[in-house]
Each structure stands twice: as structure tokens, then as C-alpha cells.
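Fold and geometry: a report
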Amino acid sequence: MTSVNDVRTEASDDKPSGYAAARLRLLQGGAQSGPPRRSALAELTDDWLTELFGQGAQGVALVAVGGYGRGELSPRSDLDLLLLHDGTADPGEIAALADRVWYPVWDLGLALDHSVRTPAEARKTAGDDLKVHLGLLDARHIAGDLGLTAGLRTAILADWRNQAPKRLPELRELCEERGERQGELQYLLEPDLKEARGGLRDATALRAVAASWLADAPREGLADARRRLLDVRDALHLTTGRATDRLALQEQDQVAAELGLLDADTLLRQVYEAARTISYASDVTWREVGRVLQSRAVRPRLRAMLGGGRAAPVERSPLAEGVVEMDGEAVLARAAKPERDPVLPLRAAAAAAQAGLPLSLHAVRRMAAAARPLPTPWPAEAREQLVTLLGAGRSTVDVWEALEAEGLITRLLPDWERVRCRPQRNAVHTWTVDRHLVETAVRASELTRRVGRPDLLLVAALLHDIGKGWPGDHSVAGEIITRDVAARIGFDRADVAVLSSLVRHHLLLIETATRRDLEDPATVRAVADAVGSVGTLELLHALTEADALATGPAAWSSWRGSLVADLVKRVSAVLAGDEPRDPDAAETTAEQERLAVEAFRTGGPVLSLRAQTEAAADPSDEPEPLGVELLIAVPDQPGVLPAVAGVLAVHRLTVRTAELRSLTLPEGVEGAVLLLDWRVAAEYGSLPQAARLRADLVRALDGSLDVAARLAERDAAYPRRRGAVAPPARVAVASAGSRLATVIEVRAQDAPGLLYRIGRALETSGVRVRSAHVSTLGANAVDAFYVTGADGAPLPSEEAASVAKGLEGALRA
């Protein structure tokens, strides 16, 4: 076996053939690979160039820059060389020396990027050309006057640090432009290992940012990711014999074999993992650069305003329990205790995504290091926070990637590991499997107004291709995995059945609509039998569209959409025989009956608060709070719904679920009482006292409390952040919803005062709310209001449509 010393000895011959033979033996001998081979090749080349350079003249040095300067020579890498001189030598001598070095390099057919400059010229060129400056940051002495090289390095680094406020924004713009042109390395089937976003160019840019001393990249895993990409490039050069950075499909099997990998998919997955590490580090680093530069620009003005050297207080605005906004990021509150709060990672992620903020690197790492595992099944809050995160739209992607970079996603969902960075060798697909799943959830968040259970839609979107990590039909495997995951997340048996069915049949509509005869009754009946219910069909229709939109431009079109819609219409007609549950069928408990009688006798509202808890995973810990059950009984009168909803909003109470219905009092007691059974939770801090709630409710009902003014005053004091853009509210009349009333369905983004606004709009329209069924699923409110006219009968169709249109207009205003 040939050693590096043997190779270097052979190369000491001053003939080009000596170096060429030694180089060939190093690259083909198989004694080394990876960083040792790149380093050995650089040392071998150094020795050869030193021989060519000779003693040289005084005040002259040969300097390696760029990748060669870093000592990273791939088999077909360019030699980036600078012949540096102090300007005192005869120009003819400098030219002769350059020829003595350059021509042997060309004679061997090696690519050469060369220049001849004085230190002053090098600094000027670097000042004019950012790429030259970047290359000189890695300047390394090879031969000649060491002091000349050291002086240039010192000057170039000083210039870089002094000019960083100007240079770094230029570098960021350069990286972004290149990324837009070349695409994202972590998703491309034929990626450019160097130029694509997340590639070797970005890794070099991160070194340059670190050299500026303004910011530094997250170092965990970064060196390994860079090494892996360099190893793949080495193998690509050796298998193709060309100086290429593009990993073409036809060469991936050979490259994988050169690296000792199982197959091309394993190769791509390693490339994607490396690119994802570099991309995430780039995002975090450039965010930090922007924050530092902004603080530098603002600080002098703040000092002037404060009249001295006092530091301006750091603003911390609450986002959720244990999560605050600071310096444009979602960070953990000072009182947050991730080691005692297993839901905190999901709560922080959901809050960040909903606010359109990045999740702080420090916060993610702290949670990854300290957070307790969630119990099985998950507590209700954890499930709701997951749904909220998935429903935040485009903001979900960056927050999800931050969690994934620190291993939190696979900790929450262990089955995710099999689809993480998994390539999809299909030209229709734009993304890897895991990113496609997140992208489908993003697309599904835009369709949540079309379904009655947006939480099931969003979770099904996240899991619909989870079976691609297993052999066989991914829909069949995914059904089994989803059944297990959904149960662990905490869905009940009925919801687990729906989710597993959605995953099993997520291709059913698109495949049937485009490949079967829709005029054949057997086709429609087969789909109806598989789906089973109108609600599941509704979810499957939305999931089908979200999946196709997240796949790529070729997967969805207006024609495909019309075919699927036609199929859904036909299947819905077959399933239309199901009767909806009568809203008056609920039984009255003894507690509810007691409150109703007391409310009738006192003529005013009566309420009770009862905390709801769930047993903690550790018996020694306190029970997990789920919220508070709020029971309110009030004599039947106009304005109850907006009054109660408004008072709760004023007291910053979030309504999780709500039901409103009219009770007939026990025999012998004449009159009717409205009963409201709601689950509420405080946005921040503790719950208000029941007596205070009742007092404000009395005032709201008699008109002495201006709820609208109080809510407007609060909104003015706390303006909404520019976060995720929610789809507009949608209001519709449910056909055949009830024989006793007209059912108005509202699907909107949950927000403080939403239920109050709905109640006011319905009161203004002159209808009576016979009963209401309100639920909040993640960030989505899905409400059904059973309304009648003054005569207690269902509304005529035209009047019902007018009420729905008016309510929708009020919510969109």
C-alpha cells in the first residue's frame, strides 16, 4: 500500500510527470479518502509548486486562495493561485517566475485560476469584487516570502471586518440570488453540490460571516455536513473524470458505489441531510447578522434619545404561556420551565408560526435538551397546539424545520424518521417526502373553511404519505401507522378511524376521477362504500386537493379539479341518506337543571366554574390543567350569546368549546332558560373570579357595559402582529341540517371576540339562536348555529341565504 510520504517523495522530481504519477497513485490507490485524501493532495501539490517556484526573488510569494487555500483539493478542483510581489522586483523577472509556475500546471491539463498582484492591488481588487475578497479570506502561504503573505492575510481580514456592515448584506444578496437560480439542494433530484442553496458555496459563506466577527453559524453538525458534500463531490469527480459539481441521475449509482453506500437513494438522502443542516445554519446566521446590523444602526439614535449611555430596555411581548416575542423572534419566557412542561415545544412552535416569527435557535436547543417527553396519549393541549402549528400556513415550514434541526420532530413523532429527507424519484414531485407532508399541511390550511373538522384535515395532511418509509403500498402501510400515531396524539376511536381512512384512501378520489367511468353506478358506489360518510368525503376532497397542490404544478389543474368535484357530488348524493343528530337530544344534568331553576327564580344569570384536569404522566406531579368548564344559566332573552361571548373576551378568556341551548323547566315551573356549557382557558395568567364575571355579565345584559368599546380599546392598545395570513371566513347554510331550525355554519380563524361578533351579527339580522355548537380546532373556529324566525320556524331559503351572507360580510369586514 502506498503511503502519503512515498507519494510525496516520488513527486519531488522536478519533472511534471513525477507529480502527475504521484497524483494518480494518490487518487487511484484507495489508501485514503475523504478529508485525509484532500489534505494529502493539497500537500502533494504544495510540494510540487514549491519546487516549481524555486528560491524566487525577494519580496515575492506564491499564495493558495479559495478551496485550495483551505487545503481542500478534490480530484478535479481548480488550482486558485496568487503570485504576490511587493512591487520592487523587475517586471520581467515576475513574468518569468509566473511562467515557470503556470505553464507546468497547464501542461498537465489542470484548471488554473491565477493572478499576479501586489498587496495593494490585491486589496483594491478585493474591495471591488466580493468574490475575490471571499477567496482571499482563505489565503494560505505556499512558497517565497512568508512575511508578504502574512501581511496580506492580516490586511484582508482587517478590511473584511471593517467593511462587514457593507459586505455582509452584499454576500447575503449574492447567496439568495444564487439559491433562486440553482434551487434548494435538499430537494433536487439532480442537484449542484456547490451552487445550489445549502451547498458548498453557502458553507463557505458561513465561514466568511464567522470571519467578520459579527455573527457565527450554529456549529453542531455543520463541519460534518460540509465534509459529506465534499466527499460526494470527490466521488463524482473520480467516477466521471470531469470537473463537475452536478450530481446527475445517471451517475448517482456509481457515486454511491464509490462511497460504499447501499444505493442512489441512500446517497441522495445523505446529500439532503447535509444540505438541510447548511440551509438551516444559513437561515439562523443571516437572521443574526440582520439583527446585529439593525441594532448597530439604531443604537446611536437610542443613545441620543436617552440622553446618555443607558441601554434601551429589551421589549418582550407575550405570545403564549412560556413564550414571548423578542427582537423579532419567538423565545422562551424567563419563567418557562421546559423540564417541567412537555407541551412547551409544541406551544412555542404554534405561537411562533401563528405570529409569523422564527423560533429562536437558543429556545429550540434549550427545549431539545430539557423538555420532558409527552405522555401517551398526549394531553389535549398538545394535540391542539400541533393542529394550530399545522394550520398556520406558510409560517409553519420555517418553524417545523427549526424543530427538526434539533431532533424534536422525531422525538414527538418517531415514525417521521423513515420519511425524513427521503427522495421521491418522480418528476411530478417537487419535494422530499417529509417536506411534501409539511407542504400538504400548508396547502390544507387554506382549505380549512371547507370542512367541518379542520383538525382532522391538517393531521391527515401531515400523515398521508407516512407509509412511504415502509415497503409495499404506502397507503396501506400509512393506514396502520396513522392508526397508531393518531391514538398516541390523543384522538378518540372515531377520529382515529376517520384519520386512518383518509390516509388509506388519500389517492382514491383523484385516481377514480381520472381513471374510471363516473357514469357507471358501480364506480360511485365503490367510492361511497370506501368513504362511508359525508363528513369523511368532505375531508377527503380537501385532502386530495391539498396533496395535489403540494406535489407540484403538474399534479393539479382545473380539469382535474372539476373531475374530482363531479365525483364528490355524485358520491355525496349516494351518502345523503344520513340524518343529522337532533341538537335537542342532549340530556340535562342535575347541576344544569339546578342552575336553570335558580336563574329563573332570581331573574338573572347564574354561573359556576369547575376546573378540568388530566392526570399527569408522573404521579408525583400536579395534574395537567385542561381548562375550566363554565356553566351559565340565564332567563331566555335577546342578546345572551353576544353578551356572554363579549364578557369572556374582555376578560381574555379563550373559548375552547361551547354549547348553547334552551331548557324547558321542570313541571310546575313556567318559562324557558338558556343554558351555556363552555370550556374556557385564560390567555395569560389566572382566571377571573366567578363573582366578577357574573357582575360584568349582568351589566352586559342590561346595557350598562359597552362590550364593543372595551374590545376596541384593547385592540388599539395591542395591535395585531403581521403573522400568518388566514383564509377569509366562510358562512353557509347547511342543507337538510335540521327539521326544526335553519343551521348556519361558520368557519373562521379563531380570534379574541370572534364569538361576540358572530352573536351580534345574528342578533342584528333579527333571527333567534335556538342553539349553538361551537368548537375551536387548533386555530380554526367551526361553529354551527341553529336559528329560527320570530315565529320559531326555520327560515325560508332566501332569508337564510341573506342571513348567512350578512354574517360572512360582518366577519370579513
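All values derive from a computational prediction rather than experimental measurement. (Residues numbered from 1 in each chain as written. Predicted model: local features only at pLDDT ≥ 70, side-chain atom pairs only at ≥ 80, totals over all residues. Heavy atoms only, no water.)

Within the protein, the regular secondary structure consists of 32 helices and 15 strands. A buried classification covers 51% of the 813 residues belonging to the protein. Residue pairs at least 24 apart in sequence account for 70% of intrachain contacts in the protein once pairs closer than 6 positions are excluded. Carbon and sulfur atoms form 50% of the exposed surface of the protein, whose accessible area is close to 36700 Å². (Helix = DSSP H or I, 4+ residues; strand = E, 2+ residues; numbered from the N terminus. Buried < 20%, exposed > 50% of the residue type's maximum accessible area, 1.4 Å probe, protein only. Contact = heavy atoms within 4.5 Å. Areas by Shrake-Rupley, 256 points an atom, 1.4 Å probe, with all protein chains shown as cover.)

Tallying each qualifying case throughout the model produces 55 salt bridges. Salt-bridge contacts for Asp231 lead to Arg227; the nearest nitrogen and oxygen are separated by 2.8 Å. Separated by 4 residues within a single helix, Asp231 and Arg227 lie in helix H11 (residues 222–240), roughly one turn from each other. For Arg227, a relative accessible area of 31% translates into the label partly exposed. (Salt bridge = Lys/Arg side-chain N within 4 Å of Asp/Glu carboxyl O.)

When two helices pack together, their arrangement is captured by the angle between the axes and the distance separating the axes. For the pair helix H17 (residues 395–405) and helix H19 (residues 433–445), the least separation of the axes is 10 Å and the interaxial angle reads 145°. Crossing geometry of H17 relative to H19 is assigned as right-handed. The residues of H19 that touch H17, namely those facing Thr396, Val397, Trp400, Glu401 and Glu404, are Asp434, Arg435, Val438, Glu439 and Val442. When the residues that make up the contact of H17 with H19 are grouped by side-chain class, the tally is 4 nonpolar, 1 polar and 5 charged. (Axes fitted to C-alpha atoms, helices over the stretch in contact; angles between N-to-C directions. Left-handed = near helix turned anticlockwise from the far one by under 90°. Nonpolar A, V, L, I, M, F, W, Y, C, P; charged D, E, K, R; others polar.)

For the rest of this paragraph, the subject is helix H20 (residues 454–463). With 10 of 10 residues buried, H20 is to be regarded as a mostly interior element. Along H20, the positions that sit buried rather than exposed are Pro454, Asp455, Leu456, Leu457, Leu458, Val459, Ala460, Ala461, Leu462 and Leu463.

This part is about the environment of Pro338. Looking at the secondary structure, you find Pro338 in the loop between strand S7 (329–332) and helix H14 (344–355). Once residues lying within four places of it in the same chain are set aside, the contact partners of Pro338 are Leu332, Leu344, Arg366, Met367, Ala370, Ala371 and Arg372.

Here we come to the sheet that holds strand S5 (residues 317–320). Sheets are built from strands paired through backbone hydrogen bonds, the pairs being either parallel or antiparallel. Strand order in the open sheet formed by 3 strands is S5-S6-S7, with antiparallel pairing between adjacent strands. Whereas interior strands pair on both sides, the edge strands pair on one side only; in this sheet they are S5 and S7. Adjacent strand axes in the sheet meet at a mean angle of 45° when their direction is disregarded. Note: strand S6 (residues 323–326) against S7, 4 bridges, orientation antiparallel. When the sheet's bridge partners are listed, Val323 is paired in S7 with Leu332. (Pairing = 2+ DSSP bridges.)

The biggest cluster of nonpolar side chains holds 94 residues, and the ones touching the most others in it are Leu359, Trp378, Trp400, Leu413 and Trp416. Every residue in contact with Trp400, bar those within four places of it in the chain, is listed here: Leu386, Leu389, Leu390, Ile409, Leu413, Trp416, Val438 and Leu462. Listed in part, the 52 residues of the second largest apolar core include Val640, Leu653, Val655 and Leu660. (Core = buried A, V, L, I, M, F, W, Y, C linked by side-chain atoms within 4.5 Å.)

Our next topic: H19. Side chains three or four residues apart in an α-helix point the same way, a direct result of the helix having 3.6 residues per turn. Over its 13 residues, H19 runs 19 Å from end to end, which matches the ideal 18 Å to within 8%, given 1.5 Å per residue. With 12 of 13 residues buried, H19 is to be regarded as a mostly interior element. (Expected span 1.5 Å × (residues − 1).)

With the rule as written, the count across this model stands at 4 aromatic pairs. Look at Tyr19 and Trp48: their rings are 4.1 Å apart centre to centre, the planes differ by 5°, and that puts the pair in the stacked class. Of this pair, Tyr19 sits in helix H2 (residues 16–28) while Trp48 sits in helix H3 (residues 35–53), and the two are 29 residues apart along the sequence. Considered together, Tyr19 and Trp48 belong to a single accessibility category, that of buried residues. Ring geometry for Tyr103 against Trp106: centres 5.1 Å apart, planes inclined by 90°, an arrangement best described as edge-to-face. One end of the pair is Tyr103 and the other is Trp106, both in helix H5 (residues 91–107) and 3 residues apart, which spans about a single turn. You can call Trp106 partly exposed: its relative accessible area is 35%. Across from the ring centre of Tyr68, 5.3 Å away, lies the NZ or CZ of Arg140, which sits over that ring. (Phe/Tyr/Trp six-rings, centres within 6.5 Å; stacked < 30°, edge-to-face > 60°. Lys NZ or Arg CZ within 6 Å of the ring centre and 35° of its normal.)

The linkage connecting Thr376 with the following residue, Pro377, adopts the cis geometry, with an omega of -5°. Notably, Asp327 is not glycine yet its phi reads approximately 55°, a positive angle. With respect to the secondary-structure elements, Asp327 resides in the loop between S6 and S7. Phi angles above zero are rare outside glycine, and Arg652 is one such case at about 55°. Inspection of the secondary structure assignment puts Arg652 in the loop between helix H28 (640–650) and strand S10 (653–664). Taking relative accessible area as the criterion, Arg652 reaches 25% and is therefore assigned partly exposed.

Our next topic: the environment of Lys166. Mapped onto the fold, Lys166 is located in helix H9 (residues 164–182). Between the alpha carbons of Lys166 and Leu293 there is a distance of 9.6 Å; along the sequence they are 127 residues apart.

Taken residue by residue, the protein gives an average pLDDT of 87. The fraction at 70 or more is 90%. Helix H1 (residues 4–11) is the least confidently modelled element of the protein, averaging 43 in pLDDT, while H20 averages 98, the highest of any element. A low-confidence stretch, residues 1–14 stays under pLDDT 50, and its non-local contacts, those more than four residues away or across chains, total 22 contacts. (pLDDT = per-residue confidence, 0-100.)

The next subject is the pairing of S5. Bridging between S5 and S6 involves 3 bridges; their strand directions are antiparallel. Paired with Ser317 across the strands is Glu325, a residue of S6. Turn length for the S5-S6 hairpin, with the two strands adjacent in sequence and antiparallel, is 2 residues, and the turn residue Gly322 shows positive phi of about 85°.

This brings us to the sheet that holds strand S4 (residues 140–144). Sheet architecture is open: 4 strands sit in the order S3-S2-S1-S4, paired in mixed fashion. Each edge of the open sheet carries a strand with a single partner, namely strand S3 (112–117) and S4. On average, adjacent strands in this sheet sit at an angle of 25° to one another, irrespective of strand direction. Sheet topology places strand S2 (residues 79–85) next to S3; 6 bridges connect them, and they run parallel.

As a further point, take the environment of Arg37. Tracing the sequence through the fold places Arg37 in helix H3. Taking the relative accessible area as the measure of exposure, Arg37 reaches 8% and is therefore buried. Expressed as a C-alpha distance, the spacing of Arg37 and Leu73, which sit 36 residues apart in the sequence, is 8.4 Å. Leave out the neighbours within four places in its chain, and Arg37 touches Leu26, Leu27, Gln32, Asp234 and Leu238.

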